[in-house]
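Close look at the chain arrangement
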Amino acid sequence: MTDPIDVSASRLVIDLDALTRNWQALAGMVRPAECAGVVKADAYGLGATRVAQSLAHAGCRRFFVANPDGAAALRTVLDDAARVYVLNGLIAATGDLAAHNLVPVLNDLGQVVRWADAARRLERRLGAVLHIDTGMARLGLPPAETARLAASPELLAPLDLHFVMSHLSCASEPEEAENHRQLKLFRHAMRSFPGASASLANSSGIFLGEAWHHDLVRPGYAVYGGNPTPSGANPMEPVIRLKARIIQVREVPAGTRVGYSGTYTTKRATRLATLPVGYADGYPRALGNLAHAFIGDRAVPVVGHISMDLMTLDIGGLPEARAHVGTWVDLIRGRTMLDDLAGRAGTIGYELLTSLGARYARQWLGGTCG
Ligand SMILES: *Cc1c(COP(=O)(O)O)cnc(C)c1O
């Protein structure tokens, strides 16, 4: 008899020490510019409060979230001097942001006016970031609004402008002329805000070169171990490991069809292992017959379609003693698998990463907090 396997044993292991080293490496690359930490989407699924505590301990003083709701929780684990910026802008009541010591990224002229009004009402200078759009057409002041603000600098007078930022649309494609065009537009816009600090680069932007660093960089993905230079080797340390235990093993003859629609047929007698992980757990369905997993140092192919809660591996190449019910299998690990699997699934590592955190028991290794 084998012990019952706890299906919830599948887990996402997060190495906070590796994550911290990644941030330190980026911070070292850009010095004397400052390095922030982007912890939106619950730190790309890895747990914003844990991640922020680790980064704060390493010296990170500025954090970016997308929305104000997650930001308030983050505030409780950071000291008052740490800055928490809300990328999606002044979308909450202004009083709530001010009360939680959150700094909005002001994305249009209306938000500038409202935040300045709030500062007058509260009779104190409120921190602010100004976001200039240089080529995303997503958030940030469009060129006409930037020009209007430049002509009326008194609009910013009640505010403490921490920096002016923009965001790159093609930073992971270093050959793209658009990177130079946005840099030029950003530099030009900065002339309208004399003395203001500037921030342009995300993870990949850091690797475009020093010209893109300005005063503050805003990496997210690279801190979490994703490859910021997709056309080359990954310079970052792996941070996550996704693992699950085999729940069933079967011996099958040649000619056995595996999974829905029988998209895989065994070519020889072999052994199949079933894992309690499927597309409902964030493992992309598109990876059926296209991915591999690891048992120890041995790669084993994922065969047949990925089901909602299950997937199948061909473990015929392994001695029986190495793969049985209860054996741990690594689905994502190392420097390349996150980006590689995402690419095979027709998506990007960012999407794969953020699809995991909410679905697995997360286990944090290292870090400074228990
Ligand atoms: C998400 C985001 C970042 C971080 O991007 P990465 O590619 O994960 O480094 C930086 N700046 C803005 C405005 C963002 O939305």
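Reference entry: report on the structure contained in this document. Computed from a predicted model, the values in this text were never measured in an experiment.

1. Some words on the packing of aromatic side chains
The full count for this structure, using the stated rule, is six aromatic pairs. For the pair Tyr 44 and Tyr 350, a centre-to-centre distance of 6.2 Å together with 40 degrees between the ring planes defines the contact as tilted. Here Tyr 44 is found in helix α2 (residues 40-44), whereas its partner Tyr 350 is found in helix α11 (residues 349-354), with 306 residues between them in sequence. What makes Tyr 44 buried here is its relative accessible area of 6%. When the ring of Tyr 85 is compared with that of Phe 163, the centres are 5.3 Å apart and the planes differ by 70 degrees; the resulting orientation is edge-to-face. Placement of the pair is Tyr 85 in strand β5 (residues 83-86) and Phe 163 in strand β8 (residues 159-165), with a sequence separation of 78 residues.

2. Comments concerning the state of the cysteines
Applying the stated rule across the entire model yields zero disulfides. Free of any disulfide, Cys 60 has its nearest cysteine sulfur in Cys 35, 6.5 Å distant. Assessed through its relative accessible area of 0%, Cys 60 is described here as buried.

3. So, the site of the ligand
Around the ligand lies a shell of 14 residues, among which Lys 40, Tyr 44, Ser 203, Tyr 221 and Tyr 350 are the nearest. Tyr 44 places a side-chain nitrogen or oxygen 2.5 Å from an oxygen atom of the ligand. Summarising the interface, the protein chains cover 94% of the accessible area of the ligand, which totals 390 Å² for the free molecule. Placement of the ligand is best described as lying within the largest pocket.

Scoring rules and cut-offs
- Residues numbered from 1 in each chain as written.
- Predicted model: local features only at pLDDT ≥ 70, side-chain atom pairs only at ≥ 80, totals over all residues.
- Heavy atoms only, no water.
- Phe/Tyr/Trp six-rings, centres within 6.5 Å; stacked < 30°, edge-to-face > 60°.
- Helix = DSSP H or I, 4+ residues; strand = E, 2+ residues; numbered from the N terminus.
- Buried < 20%, exposed > 50% of the residue type's maximum accessible area, 1.4 Å probe, protein only.
- Disulfide = S-S within 2.5 Å.
- Near = heavy atom within 4 Å.
- Polar contact = N/O pair within 3.5 Å; in protein donor to acceptor, adjacent residues only side chain to side chain.
- Areas by Shrake-Rupley, 256 points an atom, 1.4 Å probe, with all protein chains shown as cover.
- 1 Å grid on protein atoms, 1.4 Å probe; cavity = no way out; pocket = protein on both sides within 12 Å on 5 of 7 lines; lining within 4 Å.
- Sits in = over half its atoms within 2 Å of the grid points.

Nothing here speaks to function; it is geometry throughout.
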